[in-house]
Structures are given as C-alpha cells and as structure tokens.
Amino acid sequence: MIPAQRGPRVLGATRLSRYRDNSTSPERQEAAVERVAADIGGHVVGWARDMDVSASKVPPHERPELGEWMQRPDEYDVIAWWRLDRAVRKMADMAQLGQWAKDHKKRLIFAEGPGSARLELDFGSPMSELIMMVLAFAAQMEAEAIKERTTGASEFLRSVGRWSGGPVPFHARPVPHPTEDEGWWLGLNDDTDDFLWNTAEIGNHMVDMALNDKSRHAISDWVNENHPAVTPANHRRKLAGREIDPDARWNPGMVTDYLRNQHLIGRFTHNGKVVRDENGEYVLRGDALIPVEKFHRLQAKLDQTSGTAPERRSDAHPLLGVLHCGVCGGRLYQGWLSPGPNRKEPKRQYRCAARAHGRVCRKPAYVIADAVDRYAEEQFLALFGEKEVFQIIVIPGQDHTAEIEELAADVEELSGQLVGLRGTAAAAVARQLQSRSDRLDRLSAEPVIPPRTEVIATGETYSKLWHSEDTEGKRDLLRQVGARIEVGETTRGSRDVTSRLSFSIGEFADPEAETLAAVEREEQLA
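For clarity, every value in this text was computed on a predicted model and none was experimentally measured.

(A) Examining the overall build of the protein more closely. The helix and strand inventory of the protein stands at 15 helices and 17 strands. Taken across its 526 residues, the protein has 38% of its residues classed as buried. Across the protein, the fraction of contacts at a sequence separation of at least 24, relative to all contacts at a separation of at least 6, is 62%. Here the protein displays about 30,100 Å² of accessible surface, and carbon together with sulfur accounts for 49% of that area.

(B) Focus on the packing of aromatic side chains. Inspection of the entire model under this criterion finds 9 aromatic pairs. Ring centres of Trp81 and Phe110 lie 5.4 Å apart, and the angle between their planes is 20°; on these two criteria the pair is classed as stacked. With Trp81 in strand β3 (residues 78–81) and Phe110 in strand β4 (residues 107–110), this residue pair connects regions lying 29 residues apart in the sequence. Residue classification places Trp81 among the buried positions, given a relative accessible area of 1%. Taking 6.1 Å as the distance between ring centres and 75° as the angle between the ring planes, the aromatic pair formed by Trp250 and Tyr258 counts as edge-to-face. Taken individually, Trp250 and Tyr258 each receive the classification buried, so the pair is uniform in this respect. Site record: aromatic cluster; members linked through ring pairs are Phe380, Phe384, Tyr462 and Trp466. Taking the ring centre of Tyr76 as reference, the NZ or CZ of Lys106 above it sits at 5.3 Å. Its guanidinium or amino end placed over the ring of Trp197, Lys238 lies 4.5 Å from that ring's centre, counting from NZ or CZ.

(C) Seen up close, the environment of Ser502. Following the sequence through the fold, Ser502 ends up in strand β17 (residues 501–504). Considered as a pair, Ser502 and Leu323 are 179 residues apart in the sequence and their alpha carbons are 9.9 Å apart.

(D) Representation of the packing of helix α6 (residues 216–226) against helix α8 (residues 252–260) in the model. Taken N-terminus to C-terminus, the directions of α6 and α8 make an angle of 100°; their axes are 8 Å apart at the nearest point. Accordingly, the angle class assigned to the pair α6 and α8 is roughly perpendicular. Residues Arg216, His217, Ile219 and Ser220 of α6 form the contact with α8, whose participating residues are Pro252, Val255, Thr256 and Leu259. Residue composition of the contact of α6 with α8, by class: 4 nonpolar, 3 polar and 1 charged.

(E) Seen up close, the nonpolar core. By size, the foremost hydrophobic cluster in this structure holds 31 residues, and its most contacted members are Leu319, Leu323, Tyr350, Val372, Phe380, Leu478 and Ile485. Mapped by element, the contributors of at least two residues to this core are β10 (323–325), β12 (347–352), α10 (369–384), α13 (462–468), α14 (471–480), β16 (484–487) and β17. Ranked by the residues each element gives to this core, the list is headed by α10, at 7 residues. Leu323 has contacts with Gly330, Arg331, Leu332, Tyr350, Val372, Ile485 and Val487, leaving out every residue within four places of it along the chain. Formed by 22 residues, the second largest nonpolar core is a distinct cluster that contains Phe170, Met209, Leu259 and Ile265.

(F) The arrangement of the environment of Arg297 in detail. Residue position: Arg297 is located in helix α9 (residues 292–305). Taking the C-alpha atoms as reference points, Arg297 and Leu211, separated by 86 residues in sequence, lie 7.7 Å from one another.

(G) Expanded view of the environment of Pro8. Counting through the fold element by element, Pro8 comes out in the segment before β1 (9–16). For the pair formed by Pro8 and Val45, sequence separation is 37 residues and the distance between their alpha carbons is 9.5 Å. With residues near it in sequence (within four places) discarded, Pro8 still touches Ile40, Gly41, Gly42, His43, Asp77, Val78 and Arg107.

(H) The pattern of salt bridges, seen in detail. One pass over the full model with this rule turns up 17 salt bridges. Linking Arg72 and Glu75 is a salt bridge whose minimum nitrogen-to-oxygen distance equals 2.9 Å. The class of Arg72 is partly exposed, set by a relative accessible area of 32%. Among the charged side chains, a salt-bridge network with shared partners connects Arg83, Asp85 and Arg86.

Criteria and cut-off values
- Residues numbered from 1 in each chain as written.
- Predicted model: local features only at pLDDT ≥ 70, side-chain atom pairs only at ≥ 80, totals over all residues.
- Heavy atoms only, no water.
- Helix = DSSP H or I, 4+ residues; strand = E, 2+ residues; numbered from the N terminus.
- Buried < 20%, exposed > 50% of the residue type's maximum accessible area, 1.4 Å probe, protein only.
- Contact = heavy atoms within 4.5 Å.
- Areas by Shrake-Rupley, 256 points an atom, 1.4 Å probe, with all protein chains shown as cover.
- Phe/Tyr/Trp six-rings, centres within 6.5 Å; stacked < 30°, edge-to-face > 60°.
- Lys NZ or Arg CZ within 6 Å of the ring centre and 35° of its normal.
- Axes fitted to C-alpha atoms, helices over the stretch in contact; angles between N-to-C directions.
- Parallel < 35°, antiparallel > 145°, perpendicular 65-115°, else oblique.
- Nonpolar A, V, L, I, M, F, W, Y, C, P; charged D, E, K, R; others polar.
- Core = buried A, V, L, I, M, F, W, Y, C linked by side-chain atoms within 4.5 Å.
- Salt bridge = Lys/Arg side-chain N within 4 Å of Asp/Glu carboxyl O.

Dropping the structure here:
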C-alpha cells in the first residue's frame with residue numbers, strides 16, 4: 001500500500017508567450033516549482049501549462065489550463081510559479097488574482113522573487129496585498145518597457161533591411177544577414193534535406209502556373225495533391241521545430257494572398273505601405289523569389305483574371321461547355337442513371353437541362369457519357385493530334401505608370417507635411433521629398449513601351465499534350481480550339497451513339513493558324 005502524501009498540495013503553473021523562447025523554457029520553470037514544493041514540504045498534484053499565451057493580453061482566469069484549474073480550487077492548496085511575470089504583467093490582473101486567492105484561501109508562491117529569494121503571499125494580512133500590488137506595478141512597467149523596446153527595434157530593423165521577426169514567407173527562411181555583422185535576413189528556402197521542404201521551388205511553380213493562366217483553384221489543387229500539408233503555417237511550424245498539422249491544405253484565397261504579396265520580390269509592407277528608406281528607395285529584407293519584371297507580369301495577369309474566371313462547379317464534367325443539345329442548342333449536363341432491372345450499377349449520362357434552366361426544348365437529348373467522351377478524344381486527336389503546339393509568349397514592355405502615381409501621391413503628402421515643420425524634422429522631410437521628386441521626374445521622362453508577343457514552337461504535339469493533361473486540362477484544350485459537340489434527337493431502339501453526334505470547331509481548324517491570328521489582332525490593337 002502506497003502511503004498518502006502529506007503536506008500542501010501544489011499546483012504548478014508555467015507560461016510562455018512564445019513556445020520557442022529558450023530563456024524561460026518550460027523545463028526550467030517546472031524545476032523551480034518542484035523546488036518550491038520540496039521546500040514547503042508539499043507535493044505537486046498537477047500542472048497548468050499555458051504555452052503561446054501572453055500575460056499582457058490574457059489574464060490568469062482566461063488561460064486555457066490555469067483557467068480550468070482556478071474553477072476547481074478544492075483540488076490544491078498552493079499555486080506556484082517560477083517568477084511573478086509568469087503569472088501576471090498587469091496590475092488589474094494581479095488584483096483580480098489576489099482577490100481570488102483571498103476568497104478561496106490559497107497561497108501564491110514565486111520561486112524567484114525580489115533578490116531571487118522565494119516570495120510567498122498568503123493574503124492573511126493587508127501587507128501581502130500591498131506587496132503583490134507593488135510587484136504587479138513593476139511587472140506592468142517592465143511589460144511596457146519591453147513593448148517600447150520591441151517597437152523601436154522593429155522600426156530600426158525595418159529601416160536597415162533586417163528581418164525583425166514575424167511570419168516567415170512560404171518560400172523563405174531566416175538566415176544570418178549577408179552584408180551585416182549581425183541581424184537576420186530572409187533567404188530562399190531551397191533546401192532539400194529531410195528537415196525542410198523546398199518551398200522556394202514550390203512557390204516558383206505556383207507563380208509559373210498563374211502566368212500560364214491556371215486558376216487559383218487549379219494551383220491550390222496542384223499543391224495539395226503533390227505536396228500535401230505543405231502550407232505557409234506548417235512551413236513556419238517546421239522552422240520553429242514544432243509539430244505540423246497533417247490535415248492543413250491550401251485554398252484559392254491563400255494562393256491569391258501569396259501571389260499578391262511584395263515578399264515575392266524581397267520587399268515588405270508596414271501598415272499597408274511598402275517600406276522605403278529616407279531616399280525613397282525600397283528597403284529589402286530578403287532574397288527575391290522572382291525578378292521584379294516577372295512580379296509585375298504576375299500582378300497584371302492576376303488583375304486580368306480577378307473576378308472574370310468562370311464559377312468553379314463541383315459537377316463540372318469533362319465536356320462542360322463543349323457538349324450541346326442538337327435540338328435546342330443548350331448545354332448538356334452530367335447526371336446518373338440509377339441501377340434497375342437491366343442495369344447493375346449507376347451509369348453516367350449527359351442530358352439536356354432546358355426545363356431546369358427555364359427554357360423549352362421540343363425533345364431534350366440525352367446520351368451515355370462514356371461513349372461521348374471517347375468520341376470527343378478521337379475527333380480531337382484526328383484533327384490536331386500530329387500538329388505542333390505553339391505558345392504565345394508575352395514579352396513585357398516598360399510602363400512606370402503605377403509607380404509614377406504612387407510617387408506623385410508621396411510628393412503631395414510630403415509637401416503637406418513640410419508645411420509648419422522646422423529644424424531637423426523639416427530637413428528630414430525635405431530630403432525625402434526631394435528624393436521622391438527626382439525619381440518621379442526620371443520615370444516621367446522615360447517612354448512607355450507596350451508589351452509584345454512572340455510565337456514559340458514547343459516541339460510537342462497536341463497528342464502528347466492531350467495525354468499528359470488531366471480532365472480539366474483536356475476540357476481547356478477543346479475549348480481553346482472552339483470545339484462543339486452536338487447530340488441529336490434520342491431515337492428509341494438505336495444503340496449507335498456516334499450516329500447522333502457531330503463535332504465542329506470554331507473559326508480556325510488549325511490551332512497554329514489561330515495562334516498566329518491572335519498575335520496579328522494584338523499587334524493591330526497595340
């Protein structure tokens with residue numbers, strides 16, 4: 001029989017604002033609490049471990065674990081911390097904690113109080129309450145000082161192009177600053193070891209997909225399929241040495257946020273504005289994933305497709321937008337025939353949905369889907385299979401309009417600030433104003449050169465491209481050549497599906513000719 005433990009029952013409480021903070025590690029805090037329990041002849045009955053919890057923002061009774069223990073005060077006699085700042089950093093929180101301890105007759109013990117000696121408060125006298133409030137005031141002042149030092153340090157690091165902490169971009173990782181003797185820089189995370197993913201390579205592929213007209217949905221699907229759980233949040237968890245969320249996935253909104261961010265070219269923003277130095281130049285805090293010119297092309301492409309992409313449908317079938325009813329001309333949609341006496345399994349079907357869309361069709365067409373899919377592939381490959389694929393490459397021009405507008409706004413704002421300033425402040429603003437004004441004059445004098453297009457032979461046939469694409473890619477190829485398949489009237493007893501099908505394409509029967517014509521149209525509009 002194990003003898004019952006005697007002495008005070010101690011609840012150990014630990015806290016970290018950031019779990020990777022080594023200076024106040026959980027192990028060090030717990031060792032201090034164990035010493036307290038031994039010194040007072042007691043024993044630890046449980047732990048309230050609150051990691052990633054700020055004492056300046058979350059009072060004791062609202063913390064995930066300590067808050068629960070405080071609702072069960074009969075299970076312990078003492079709460080012990082390493083130091084006071086592990087418990088509170090605000091006088092109001094200290095007053096509330098002290099009142100709770102007084103109401104429930106609990107002792108509060110800190111392993112290291114003033115002078116590193118143990119501090120014990122039992123609230124049996126007004127003196128304990130006074131001591132606690134004095135110490136809480138000191139803790140609050142320390143928190144304010146830390147906040148001011150952190151803010152000032154962040155402003156300095158921003159001004160000199162050092163990384164001051166915060167979320168690490170998906171493609172980056174903190175490395176020693178390449179040109180400074182101290183400080184950090186965001187280098188490209190192109191490692192391929194067992195510890196980290198090559199997120200720089202993934203990020204580059206996402207950019208290329210967007211430039212090649214892939215939708216945000218397609219990009220997020222590609223990452224999730226080929227790199228499951230490799231998300232920005234999990235990348236940061238890996239860098240911090242923490243466990244990842246295996247169920248985390250990208251979504252189209254995350255793709256947009258990533259591709260729109262200035263960190264792709266090493267720049268960063270503060271309060272919504274790109275950070276510049278006193279001369280108006282961009283301040284970099286990391287390596288660029290892509291060149292500035294490519295970033296501008298990416299933003300132009302995202303502007304073109306934003307809000308114009310067709311709605312993504314969960315029921316999108318391989319020939320959606322290509323397959324039409326030969327009676328009314330409306331689209332055919334995918335459905336399923338349920339099992340019956342002559343059908344053991346459900347069978348996919350294309351059918352005219354005129355009535356569902358408020359239209360009238362004299363005799364709505366319907367047909368078994370697999371046979372139509374095969375017909376579409378055979379017709380496409382027969383017409384285009386051996387032809388070479390050509391691509392239109394857009395070579396960007398030179399247009400500083402966006403930056404000119406931004407600089408003009410800066411000049412106007414700084415001119416307004418200069419009014420009423422004197423001395424050093426006026427001189428600093430005047431330098432910024434002059435720098436931006438000079439750059440504005442230089443850019444305004446440069447000509448606007450429109451982008452041009454080139455037709456590049458890929459050396460790949462449409463047959464090879466077709467067989468390498470997924471369902472969505474094949475549907476896009478059919479749409480690109482203007483393919484249209486019509487399904488004629490359903491005739492009772494007829495099993496020859498292809499006799500009811502017709503395949504036609506748009507203005508051009510030759511994709512090479514269509515590509516060249518597109519270039520000619522663009523040149524005429526330029």
